[in-house]
There are 4 protein chains.
Amino acid sequence: MAETLRERLYTVIFGTDTPAGKLFDVVLIYTILLSVAALMLDSVEGISQHVGLYLKLAEWTFTALFTLEYAIRIYCSPNRWRYISSVYGIVDLLSILPSYLGLFFADVTYLLIIRLLRVLRIFRVLKLIKYLDEANVLIRALFQARRKISVFFFVVMVFATIFGSIMYVVEGPANGFTSIPRSIYWTIVTITTVGYGDITPQTPLGQVVASLAMLTGYSIIAVPTGIVTAELAREMRHDELLIKCPNCGKKGHEHAADYCSRCGSELDNPSED
Amino acid sequence: MAETLRERLYTVIFGTDTPAGKLFDVVLIYTILLSVAALMLDSVEGISQHVGLYLKLAEWTFTALFTLEYAIRIYCSPNRWRYISSVYGIVDLLSILPSYLGLFFADVTYLLIIRLLRVLRIFRVLKLIKYLDEANVLIRALFQARRKISVFFFVVMVFATIFGSIMYVVEGPANGFTSIPRSIYWTIVTITTVGYGDITPQTPLGQVVASLAMLTGYSIIAVPTGIVTAELAREMRHDELLIKCPNCGKKGHEHAADYCSRCGSELDNPSED
Amino acid sequence: MAETLRERLYTVIFGTDTPAGKLFDVVLIYTILLSVAALMLDSVEGISQHVGLYLKLAEWTFTALFTLEYAIRIYCSPNRWRYISSVYGIVDLLSILPSYLGLFFADVTYLLIIRLLRVLRIFRVLKLIKYLDEANVLIRALFQARRKISVFFFVVMVFATIFGSIMYVVEGPANGFTSIPRSIYWTIVTITTVGYGDITPQTPLGQVVASLAMLTGYSIIAVPTGIVTAELAREMRHDELLIKCPNCGKKGHEHAADYCSRCGSELDNPSED
Amino acid sequence: MAETLRERLYTVIFGTDTPAGKLFDVVLIYTILLSVAALMLDSVEGISQHVGLYLKLAEWTFTALFTLEYAIRIYCSPNRWRYISSVYGIVDLLSILPSYLGLFFADVTYLLIIRLLRVLRIFRVLKLIKYLDEANVLIRALFQARRKISVFFFVVMVFATIFGSIMYVVEGPANGFTSIPRSIYWTIVTITTVGYGDITPQTPLGQVVASLAMLTGYSIIAVPTGIVTAELAREMRHDELLIKCPNCGKKGHEHAADYCSRCGSELDNPSED
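Cut-offs used in this document
- Residues numbered from 1 in each chain as written.
- Chains lettered and ligands numbered in written order.
- Predicted model: local features only at pLDDT ≥ 70, side-chain atom pairs only at ≥ 80, totals over all residues.
- Heavy atoms only, no water.
- Axes fitted to C-alpha atoms, helices over the stretch in contact; angles between N-to-C directions.
- Helix = DSSP H or I, 4+ residues; strand = E, 2+ residues; numbered from the N terminus.
- Parallel < 35°, antiparallel > 145°, perpendicular 65-115°, else oblique.
- Left-handed = near helix turned anticlockwise from the far one by under 90°.
- Contact = heavy atoms within 4.5 Å.
- Buried < 20%, exposed > 50% of the residue type's maximum accessible area, 1.4 Å probe, protein only.
- pLDDT = per-residue confidence, 0-100.
- Polar contact = N/O pair within 3.5 Å; in protein donor to acceptor, adjacent residues only side chain to side chain.
- Lys, Arg positive; Asp, Glu negative; His and termini not counted.
- Salt bridge = Lys/Arg side-chain N within 4 Å of Asp/Glu carboxyl O.
- Core = buried A, V, L, I, M, F, W, Y, C linked by side-chain atoms within 4.5 Å.
- Phe/Tyr/Trp six-rings, centres within 6.5 Å; stacked < 30°, edge-to-face > 60°.
- Lys NZ or Arg CZ within 6 Å of the ring centre and 35° of its normal.
- Nonpolar A, V, L, I, M, F, W, Y, C, P; charged D, E, K, R; others polar.

Draft legend 1. Quick look at the packing of helix α3 (residues 45–76) of chain D against helix α5 (residues 87–94) of chain D. All names here are of chain D. At their nearest, the axes of α3 and α5 sit 9 Å apart, and the two run at 150° to each other. When the interaxial angle is binned, α3 and α5 end up roughly antiparallel. Judged by the sense of rotation from one axis to the other, the crossing of α3 with α5 is left-handed. Facing Glu-69, Tyr-70 and Arg-73 of α3, the residues of α5 in contact are Gly-89, Asp-92 and Leu-93.

Draft legend 2. View of the environment of Tyr-70 of chain C. Residue and element names in this part refer to chain C. Here Tyr-70 lies in helix α3 (residues 45–76). Judged by its relative accessible area of 11%, Tyr-70 falls in the buried class. Counting along the chain gives 26 residues from Tyr-70 to Ile-96, while the straight-line C-alpha distance between them is 8.8 Å. Not counting residues within four places of it along the chain, the set of residues in contact with Tyr-70 comprises Tyr-83, Ile-84, Gly-89, Asp-92, Leu-93 and Ile-96.

Draft legend 3. Examining unusual backbone geometry more closely. The backbone of Thr-193 of chain A sits at a positive phi, close to 60°, despite the residue not being glycine. Tracing the chain through its elements places Thr-193 of chain A in the loop between α10 (180–191) and α11 (204–241).

Draft legend 4. Fine view of the confidence of the model for chain A. Residue and element names in this part refer to chain A. Averaged over all residues, the pLDDT of chain A equals 80, while 79% of them reach at least 70. Here helix α8 (residues 136–144) is the element of chain A with the lowest mean pLDDT, 67, and α10 is the one with the highest, 93. Of the regions scoring below 50 in pLDDT, residues 269–273 engages in ten contacts with residues more than four places distant in sequence or in other chains. Two numbers describe this predicted complex: its pTM, 0.82, and its ipTM, 0.80.

Draft legend 5. Molecular detail of the side chain of Thr-192 of chain C. Residues and elements named next belong to chain C. Mapped onto the elements, Thr-192 comes out in the loop between α10 (180–191) and α11 (204–241). According to the relative accessible area criterion, Thr-192 is buried, its value standing at 1%. At 3.4 Å, the side chain of Thr-192 and the backbone oxygen of Val-189 are in polar contact.

Draft legend 6. Expanded view of the side chain of Asp-25 of chain D. All names here are of chain D. Here Asp-25 lies in helix α2 (residues 19–42). For Asp-25, which is buried and forms no salt bridge, the nearest opposite charge comes from Arg-73, at a distance of 5.5 Å. When sequence neighbours within four positions are dropped, the list of residues in contact with Asp-25 reads Ile-13, Gly-15, Thr-16 and Tyr-131.

Draft legend 7. Here's a closer look at the nonpolar core. Of all hydrophobic cores here, the largest spans 191 residues; its most connected members are Met-214 of chain A, Met-214 of chain B, Met-214 of chain C together with Met-214 of chain D. Setting aside residues no more than four positions away along its own chain, Met-214 of chain D makes contact with Tyr-185, Ile-188, Val-189, Thr-192, Val-194 and Tyr-196 of chain A together with Thr-190 of chain D.

Draft legend 8. Structural view of the packing of aromatic side chains. Applying the stated criterion across every chain, the model contains 26 aromatic pairs over all chains. Ring pairs connect the aromatic residues Tyr-10, Phe-14, Tyr-70 and Tyr-83 of chain A, which therefore count as one cluster. If you follow Arg-73 of chain B out to its NZ or CZ, it ends over the ring of Phe-14 of chain B, 5.0 Å from the centre.

Draft legend 9. A look at the pattern of salt bridges. Residues and elements named next belong to chain D. Applying the stated criterion across every chain yields a total of 24 salt bridges over all chains. Arg-73 is the salt-bridge partner of Asp-92, the closest N and O atoms lying 3.7 Å from each other. With Asp-92 in helix α5 and Arg-73 in helix α3, the pair connects residues that are 19 residues apart, well separated along the chain. Neither residue differs from the other here; Asp-92 and Arg-73 are each classed as buried. A salt bridge links Lys-127 to Asp-92; the nearest nitrogen and oxygen atoms lie 3.1 Å apart. With a gap of 35 residues between them, Lys-127 in the loop between α7 (111–122) and α8 (136–144) and Asp-92 in helix α5 connect regions that are remote in the sequence.

Draft legend 10. Summary view of the packing of helix α2 (residues 19–42) of chain A against helix α3 (residues 45–76) of chain A. Residue and element names in this part refer to chain A. With their axes 9 Å apart at the nearest point, α2 and α3 run at an angle of 145° to one another. Of the two possible hands of crossing, α2 and α3 adopt the one that is left-handed. Mapping the contact onto sequence places Phe-24, Leu-28, Thr-31, Ile-32, Leu-34, Ser-35, Ala-38, Leu-39, Leu-41 and Asp-42 in α2 and Ile-47, Ser-48, Leu-55, Glu-59, Phe-62, Leu-65, Phe-66, Glu-69 and Arg-73 in α3. Considering only residue class, the contact of α2 with α3 consists of twelve nonpolar, three polar and four charged.

The structure is reproduced here in structure tokens:
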């Protein structure tokens, strides 16, 4: 069957089954990584001063390539609007837009906007996400647990507000706890066990309250680990339980079962390996 | 049926099923959040100097609103004393009391009391807790594990006392370990992996003991995570096991079972999805 | 039956069933806590200067009480040598010995020994351990996992040696990595996520290696949490599985089972509550 | 049967069943530990200045011993090339090679190479790995989870790039976030909860973003713990399920089962203990 150019392009760019499609994906992944690396190096003062011109050149080459990729993807999509409004389409647009927007703000007076656009350009690292089939189990586990995680966030915030306010009274502005928001920041730094040490309790009472916050907080912060673990364990058990009897089709056989518990046919149990 | 005003108020304020009841809840949640935000901003020096008057005004508006809410809740409760003495009733009272008490201590000589009252006012964030139906699984898991967590706290305290005392001898006051309580504070900061870095071992022997404390402590501190995870996994499994046979009522069928193990009726198994 | 004094003392001091026995235990626990608190306060410079005499007096009172307790325990034990050589007997001896030894080193020239004896006195906090029936599940879980934990320690040490040596080469003495042991100390501080910040990588390459150490280390350090959780989950499942059929005695019924899977008798299943 | 010298050497050096083989292993383990300890001490300035000569002597003795061991292992291996190209063979070679290479760079002008060779010598700690039969469960669990861990690493890197870039814009070079790579380093230090405190957010907005990074990051970083725990739990369950019926050979009996579920023979269930 004679394929049109558009159909052939579609197979290469959106598909992963043909050798050409695989090659395209590999080249694209390396291009993204190189482009992100160039943007990172550009922010290092010593480097940008010496090879800034080359990096600017590289950046425009990458922008041109990604623009071309975006244009071809729109051209060969069977349903164009669906691609453009999909998450991948938006990420693809976002990865080129800031470079063009940067032309309007070349003036040094808009320093913050220039830095903002540089960051937006680096968000093109998100283009890599579509190559993460493997992440499905993790994302499903996190998604299943989204309500519990929201509740956890809320509980942490209430906890941090209470402890932060207490520390504000106990330690006071003289010891670095200059305001309640700053005390809350300290509490979050403490109960997540990050512990920068930029603000630390100085009074004995403050150290007692801080110790309490650490230990209580540690129990609370153990919750997301517990949620994720329990969800992951369930996901894995779920996968195991999908062993189907080749004869009668009964699902959900006990782990390491040799024969179907309904009809006695031998099972093809992968967990035996 | 003709409802009295009191009954209608009760439905709106305590209930969540009617549109008016839902609207009341949403408005209340935002009022609480705004009020807490205003109290936080008031503690930031730069802000309180410029818009302090507006914040004071806002605070009194919020206090008036919460006082009104408290009064109406008492008025329309079928059993007034039960509401007043419930956790929610006490939290509702606590969220307005400090503002009125503050009037008696307007004098700047009672600086500590003023700061204390400000913190007590911020405790009105606890009013939000009644909207946390979702937290039940977490709270149940933590509650089930309360004895184990107490034991864990005790073990950590004994562990911290032993290691803190050793570090006090090894490092001594010259290296920041000025007293045993302070050394214990350092040990808690270390084994919870917070690690501020305000007190650090300086001698080689002290660093060896500290390394030991970190690794041993890490195994001990892994225990609450383990407890919470195991309890959460059990809670989740427990929920799954409540699949009831629609015919004979037998509970506790094996995960992913298709038919009742007692009467053979088909099961409505949600875990198949 | 006429009990001898010795037998009655034994019931009170070693037993926990009689009211007198319970009272004795409670008094002893508070005495231990008070005594440890006094020793801690004694190490705080400001306090020991003002009330040092009272603390010295309290310390000798506590030592006298514990000596009396130790003497009575030996007196009323049915098998004296067994008590003396038991863990509890040794802890009881250790909690009084350092106070008496301190008399021989009252001279200020033996400052280190005096501080060492003070620490040994504080080890009397271990006397509390015998009141921890609840800790059994935790201790059993840790004990079951002792081999895995040893292996984990070993792997961490090998890992820390490798990464510490690499950081010693990459950063060098100029950036605080003055020797390989000190670099290993830094690696342990880093992979346990304590992160004091007293030694930090300064060069870009050092920061890359450090990031690698954090992420790889985090996966390794996740192992003890995993071990403890898996063991605790097994212990809990094990407890559940000990539901015995009151009729035929079959153990190990499926969670939430209503009837014995062998003889059909109704089970007394506590997990239904 | 008359064994040749080569066969007898093989039994002693590669085997662990004979007394001589066990003795050889124990001596080798202590030699490795001593050798690594000597290399570590050599890097401590105060020590290397005083006993540097003895340490150099010890190092050459250890190198001679390991060279002899390597030579004998090659000599008595039934399949020499297989040993040489195995992981253990390469580690054995690596543990002696740097000492000999060091002779060519005795000149002080190649300071970096000398330090590099010292590190490579310390890699002989890896010789210990072959004695870790116990680590099998752990390594199997980590190996089973290798894909999930790779995905996790990738997600963390994307997350760190996004948050690092945002912090670079929010805080800017003035507050220590001098470049995007350095901001990414800060993000990794933060979300792994190491938190050195060498770079910390100074602006209120930066502290809000940092708090978000900590809490979101904490949920992501909980994933490897969850993965390892779930895998370990599966490994342990797998071990339990391998209880075989001594009569009919059916595997996979329910935990704590007393009788085979196929033929009714009594089972030898180790989990009953």
